[in-house]
Amino acid sequence: DNADVVILGAGPAGLVLGNLLHASGVDCVVLERATRAQVQARSRAGFLAANTVRILDRHGLAEGLRRRGREHATCEFRTEDGRFRLDYGGLGRGERHTVYPQHELVTDLLTRYLDTGGRVRFGTEALTVRDTDGARPTVTVREADGRTGSWQGRYVAGCDGRHGAARRSLPPGAVRRHHLDHGVSWLGLLAEAPPSLDAVGYAVHHRGFAGHMARTPEVTRYYLQYERGASPDAWSEDRIWDELSLRMRAADYGPLHRGRIVHRAVVDLESDVLEPLRHGALFLAGDAASLLSPSAAKGANLAVLEAEILARALIADLGHGDPEGLARYSAQCLEHIWRAQEFSGWMVRLLHGAPGPDGEPGFHDSLRRSRLASLSSSRSCQDWFAEHYVGV
Ligand code: FAD
């Protein structure tokens with residue numbers, strides 16, 4: 001089988017890329033390991049940056065989020081020193097988030113791509129990408145029925161996440177992987193409960209971090225700092241709600257709306273960046289290119305941004321014989337990635353300290369407290385925060 005561009009993965013990166021290429025008449029195919037139903041049910045991100053909405057708008061892909069997404073521009077910090085709010089929509093560049101669950105965005109992107117005649121092969125797992133230095137790179141695949149096959153293209157776009165075939169196929173030494181383990185884990189929860197406050201809530205507590213993020217009027221995401229390696233099912237629902245209430249200081253600031261917990265996953269806060277994001281005819285985008293800790297909600301936004309940059313470069317190359325964009329792709333994306341990494345790391349350090357050797361609050365706890373004090377009191381710090389919090 002053949003296509004000019006073989007795209008691995010039908011997440012935000014692969015589907016934005018597929019839509020843009022297909023709309024420009026570039027012959028492409030998306031190979032996706034999961035079924036359509038599984039892809040459309042995977043709830044993860046929810047906060048879209050203003051620039052992400054602009055990109056999707058520019059290509060006619062924002063209809064659903066314009067209709068059903070909700071603007072959001074306030075966050076609240078609760079700490080041992082009290083609480084403070086930042087109306088970030090009025091700070092920095094004055095930009096807002098749009099809250100729109102990732103699985104709804106993915107559903108919109110997929111529907112649009114298929115309705116306009118785009119090709120997707122569900123249940124098709126990429127195994128390896130070969131001959132990336134040759135004129136016809138090849139992707140070997142395993143179909144749902146166990147049969148193996150292959151796809152050839154001029155280019156391969158690795159949009160298949162951190163555990164995908166694109167990363168695995170990079171020969172040793174071809175690409176450098178920068179990796180940072182922040183040493184903290186979160187239990188990510190989705191609760192069938194309305195939001196408990198009209199802001200993103202970040203609670204810093206000596207028992208650990210807790211977070212609150214609206215998703216829809218019926219569903220809310222919570223995070224709890226959690227023991228590394230513990231099973232996501234180790235805690236009962238009551239224990240989870242009690243701990244969330246304690247860390248979010250519900251006794252002082254109002255109770256949480258409790259509800260059934262419908263999804264749990266442990267996320268180790270880790271970051272990595274591959275450099276460069278290209279090996280011959282293989283290009284990496286989204287989580288395949290760089291993994292961000294979820295502390296600043298940047299992953300899906302970067303995936304959309306990189307997909308647009310890659311689409312433009314591929315269209316210029318395949319449509320007009322202009323390889324300049326492809327040559328610049330890696331450097332251009334890495335600039336955005338490192339800025340997002342820097343801010344995400346700063347957020348981790350804003351929300352987490354580390355006890356000293358005696359178990360008492362340590363040096364890093366005091367730094368964290370001081371960081372929060374600057375954020376609560378310094379307008380220039382708030383402007384900087386707002387610009388980076390909503391920006392990609
Ligand atoms: P993915 O969405 O992972 O898609 C990759 C696709 O490739 C999948 O469909 C997968 O099935 C497929 N695939 C994998 N391997 C293969 C293979 N070998 N062959 C074929 N197909 C394959 N980001 C934000 O911006 N804001 C947030 O609020 C936010 N919250 C998050 C909360 C959690 C709990 C988590 C885990 C992540 C969050 N993120 C957030 C990050 C965001 O979800 C990811 O960065 C985003 O999904 C990356 O998109 P992607 O297209 O690169 O990869």
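What counts, and where the lines are drawn
Residues numbered from 1 in each chain as written. Predicted model: local features only at pLDDT ≥ 70, side-chain atom pairs only at ≥ 80, totals over all residues. Heavy atoms only, no water. Near = heavy atom within 4 Å. Polar contact = N/O pair within 3.5 Å; in protein donor to acceptor, adjacent residues only side chain to side chain. Areas by Shrake-Rupley, 256 points an atom, 1.4 Å probe, with all protein chains shown as cover. Helix = DSSP H or I, 4+ residues; strand = E, 2+ residues; numbered from the N terminus. Pairing = 2+ DSSP bridges. Axes fitted to C-alpha atoms, helices over the stretch in contact; angles between N-to-C directions. Contact = heavy atoms within 4.5 Å. Salt bridge = Lys/Arg side-chain N within 4 Å of Asp/Glu carboxyl O. Buried < 20%, exposed > 50% of the residue type's maximum accessible area, 1.4 Å probe, protein only. pLDDT = per-residue confidence, 0-100. Expected span 1.5 Å × (residues − 1). Phe/Tyr/Trp six-rings, centres within 6.5 Å; stacked < 30°, edge-to-face > 60°. Lys NZ or Arg CZ within 6 Å of the ring centre and 35° of its normal.

**Focus: the site of the ligand**
In the vicinity of the ligand there are 32 residues, among which Glu32, Arg42, Gln102, Asp287 and Ala300 approach most closely. At 2.9 Å, a backbone N or O of alanine 126 approaches a nitrogen atom of the ligand. Between an oxygen atom of the ligand and a main-chain N or O atom of alanine 300, the distance comes to 2.8 Å. For the ligand, whose unbound accessible area comes to 1,000 Å², protein coverage reaches 92%. At the level of elements, α1 (12-23), β9 (125-130), β16 (220-226) and α9 (299-320) are the ones that each hand at least two residues to the shell around the ligand. In terms of residue count, α9 provides more of the shell around the ligand than any other element does, 4 residues in total.

**Here's the deal with the sheet that holds strand β11 (residues 148-152)**
Strand order in the open sheet formed by 3 strands is β9-β10-β11, with antiparallel pairing between adjacent strands. Strands with a single pairing partner mark the edges of an open sheet, and in this sheet they are β9 and β11. Between one strand and the next, the sheet's axes are offset by a mean angle of 25°, whatever the strand orientation. In this sheet, β11 lies alongside strand β10 (residues 138-142) in antiparallel orientation, the contact comprising 5 bridges. Within the sheet, the bridge partner assigned to valine 141 lies in β11 and is glycine 149.

**Quick notes on the side chain of serine 271**
Tracing the sequence through the fold places serine 271 in strand β17 (residues 260-275). When neighbours within four sequence positions are excluded, serine 271 is seen to be in contact with His178, His179, Leu180, His182, Leu291, Leu292, Ser293 and Gln341.

**Topic: the pattern of salt bridges**
Applying the stated criterion across every chain, the model contains 31 salt bridges. A salt bridge links arginine 67 to glutamate 63; its shortest N-O distance comes to 3.8 Å. With arginine 67 and glutamate 63 both in helix α4 (residues 63-68) and 4 residues apart, this pair spans about one turn of that helix. For aspartate 198, the salt bridge goes to arginine 85, with nearest N and O atoms at 2.5 Å. Residue aspartate 198 is found in the loop between β13 (176-192) and β14 (200-203), and its partner arginine 85 is found in strand β6 (residues 82-86); the two are separated by 113 residues along the sequence. Residue aspartate 198 is classed as exposed on the basis of its relative accessible area of 57%. Judged by relative accessible area, which is 39%, arginine 85 ranks as partly exposed. Put simply, Glu76, Arg78, Arg83, Arg85 and Asp198 are held in one network by salt bridges that share partners.

**Side note on the confidence of the model for the protein chain**
When pLDDT is averaged across the protein chain, the result is 95; 99% of the residues are at 70 or more. On the interface metric, ipTM, the complex scores 0.97, and its pTM is 0.95.

**Overview of helix α7 (residues 237-247)**
Buried within α7 are the following residues: Ile240, Trp241, Glu243, Leu244, Ser245 and Arg247. For α7, the elements touching its buried residues are β13, β14, β15 (210-214), β16, α8 (250-253) and β17. At the C-terminal side of α7, arginine 249 shows a positive phi close to 55°.

**Points about α9**
The end-to-end C-alpha distance of α9 is 31 Å, a good match for the 32 Å that 22 residues give at a rise of 1.5 Å each. For α9, the tally of buried residues reaches 16 of 22 residues, placing the bulk of the element in the interior. Positive phi appears at glycine 321, one or two residues downstream of α9, with a value of about 65°.

**Observations concerning the packing of aromatic side chains**
Using the criterion set out here, one finds 19 aromatic pairs in the structure. Among the aromatic residues, those joined into a cluster by ring pairs are Phe77, Phe84, Tyr88, Trp186, Tyr202, Phe209, Tyr223, Phe343, Trp346, Trp384, Phe385 and Tyr389. Lying over the aromatic face of tryptophan 235, arginine 239 brings its terminal NZ or CZ to 4.0 Å of the ring centre.

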